[in-house]
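One-letter residues, chain by chain:
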Amino acid sequence: MSFEIRKIVSYVEETLIEGGKATDKPVTMVGLAVVMKNPWAGRDFVDDLRSEIKANSSELGALMVKRLVDAIGGAEKIEAYGKAAVVGADGEIEHASAVIHNLRFGNHYRQAVNAKSYLSFTNKRGGPGTSIQIPMMHKDDEGARSHYITLEMQIEDAPRADEIVVVLGASDGGRLHPRIGNRYSDLEELAAEQAQ
């Protein structure tokens, strides 16, 4: 049995100018969302969510990663990545978490882009048209602040009360004109200040 998918939505955003300054290399962010029936909605409290996760999460991850990689033009283009899930009003946050926080789902993405970093994420409850934020970070370096970016999108008719929206995000670069340093430079500065 597979998760019941109502629709698949792709969102593409290309940034050419930031802060009034153009760039030679635009940054493209892509969101790939699956709107699916919540398999636990309407069933009272379900103690163990594992059977649905084991049966369906790998297939969902494979489908979404293929579509996302195709949409951005190849896995080798992806520098930053993340995930999100929004559960409708008849579900629990745990239902959204169950779909995206398991290795059967996430490993498809990590392996496709040969990533070292964990997938940053959001999971929340919302109704149709809710804002969906997909936080991303560099796939190989959690300390690269240039790639701390968020893609925001919405789907006008999702999630319905008995649905979950599952989203993967990808970017072919970081923010335009980054200039706040990285985590490592902060650590060096703090160590130098403490040594004085």
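Look above for the structure.
Here's a quick rundown of the structure. The structure presented is a predicted model; accordingly, all values stated were derived computationally and were not measured.

Attention shifts here to the overall build of the protein chain. Across its full length, the protein chain holds four helices and seven strands. Listing every helix and strand of the protein chain by position from the N terminus yields β-β-α-β-α-α-β-β-β-β-α. Against the globule reference of 16 Å for 196 residues, the protein chain gives a C-alpha radius of gyration of 18 Å, in line with a compact fold. Considering only C-alpha atoms, the protein chain reaches an extent of 60 × 40 × 30 Å along its principal axes. Residues classed as buried in the protein chain amount to 47% of the 196 residues present.

In this section: the pairing of strand S2 (residues 21–37). Taken together, the twelve bridges between strand S1 (residues 5–18) and S2 define a ladder with antiparallel strand orientation. Note that in S2 the partner of Tyr11 across the bridge is Gly31. If you look at the hairpin formed by S1 and S2, you'll find two residues sitting between the two strands, and Gly19 has a positive phi there, around 60°. Across nine bridges, S2 lies against strand S7 (residues 163–171) in antiparallel orientation.

This next bit is on the nonpolar core. Of all hydrophobic cores here, the largest spans 33 residues; its most connected members are Leu60, Tyr109, Ile164 and Val166. Listed by contribution, the elements that provide at least two residues to this core are S2, helix H1 (50–72), strand S3 (80–87), helix H2 (93–100), helix H3 (103–112) and S7. In terms of residue count, H1 provides more of this core than any other element does, seven residues in total. Sequence-distant contacts of Tyr109, defined by excluding residues within four places in its chain, comprise Val65, Leu68, Ile78, Ala80, Tyr81, Gly82, Leu119, Leu168, Gly169 and Ala170. Counting residues in each nonpolar core, the second largest holds 17 residues, with Ala84, Met136, Ile149 and Val167 among its members.

Here we come to H3. Those residues of H3 not exposed but buried are Phe105, Gly106, Tyr109 and Arg110. Seen along its axis, H3 keeps its buried residues to an arc of 120°; they face one direction. When the buried face of H3 is taken as reference, the exposed residues oriented beyond 90 degrees from it are Leu103 and Gln111. Residues of H3 that are buried in the fold lie against H1, S3, H2 and S7.

For Glu163, the position within the fold is in strand S7. Judged by its relative accessible area of 5%, Glu163 is buried. Within the structure, Glu163 has its side chain in polar contact with the side chain of Arg6 (distance 2.5 Å). A distance of 2.9 Å separates the side chain of Glu163 from the backbone nitrogen of Arg160, its partner in a polar contact. Leave out the neighbours within four places in its chain, and Glu163 touches Arg6, Val35, Met36, Lys37, Asn38, Val86, Val87, Gly88, Asp157 and Ala158.

A few words now on the packing of aromatic side chains. Going through the model one piece at a time under the given rule, you end up with one aromatic pair. The interplanar angle of 70° and the centroid separation of 5.0 Å between the aromatic rings of Tyr81 and Tyr109 together place this pair among those described as edge-to-face. Remark: Tyr109 occurs in helix H3 and Tyr81 occurs in strand S3; sequence separation between them is 28 residues. Residue Tyr81 is classed as buried on the basis of its relative accessible area, which comes to 0%. You can call Tyr109 buried: its relative accessible area is 1%.

Reported here for the largest pocket is a volume of approximately 210 Å³. Surrounding the largest pocket, 13 residues form its lining, Glu18, Ile149, Gly174, Arg175 and Leu176 being those nearest its centre. For the lining of the largest pocket, the secondary-structure elements that each account for two or more residues are S1 and S2. Top contributing element to the lining of the largest pocket by residue count: S1, with three residues. A class-by-class count of the residues in the lining of the largest pocket yields six nonpolar, three polar and four charged.

About the cut-offs
- Residues numbered from 1 in each chain as written.
- Predicted model: local features only at pLDDT ≥ 70, side-chain atom pairs only at ≥ 80, totals over all residues.
- Heavy atoms only, no water.
- Helix = DSSP H or I, 4+ residues; strand = E, 2+ residues; numbered from the N terminus.
- Rg over C-alpha atoms; globule rule 2.2 N^0.38 Å.
- Buried < 20%, exposed > 50% of the residue type's maximum accessible area, 1.4 Å probe, protein only.
- Pairing = 2+ DSSP bridges.
- Core = buried A, V, L, I, M, F, W, Y, C linked by side-chain atoms within 4.5 Å.
- Contact = heavy atoms within 4.5 Å.
- Arc of directions from axis to C-beta.
- Polar contact = N/O pair within 3.5 Å; in protein donor to acceptor, adjacent residues only side chain to side chain.
- Phe/Tyr/Trp six-rings, centres within 6.5 Å; stacked < 30°, edge-to-face > 60°.
- 1 Å grid on protein atoms, 1.4 Å probe; cavity = no way out; pocket = protein on both sides within 12 Å on 5 of 7 lines; lining within 4 Å.
- Points joined across faces, edges and corners; volume = space filled by probe spheres on them.
- Nonpolar A, V, L, I, M, F, W, Y, C, P; charged D, E, K, R; others polar.

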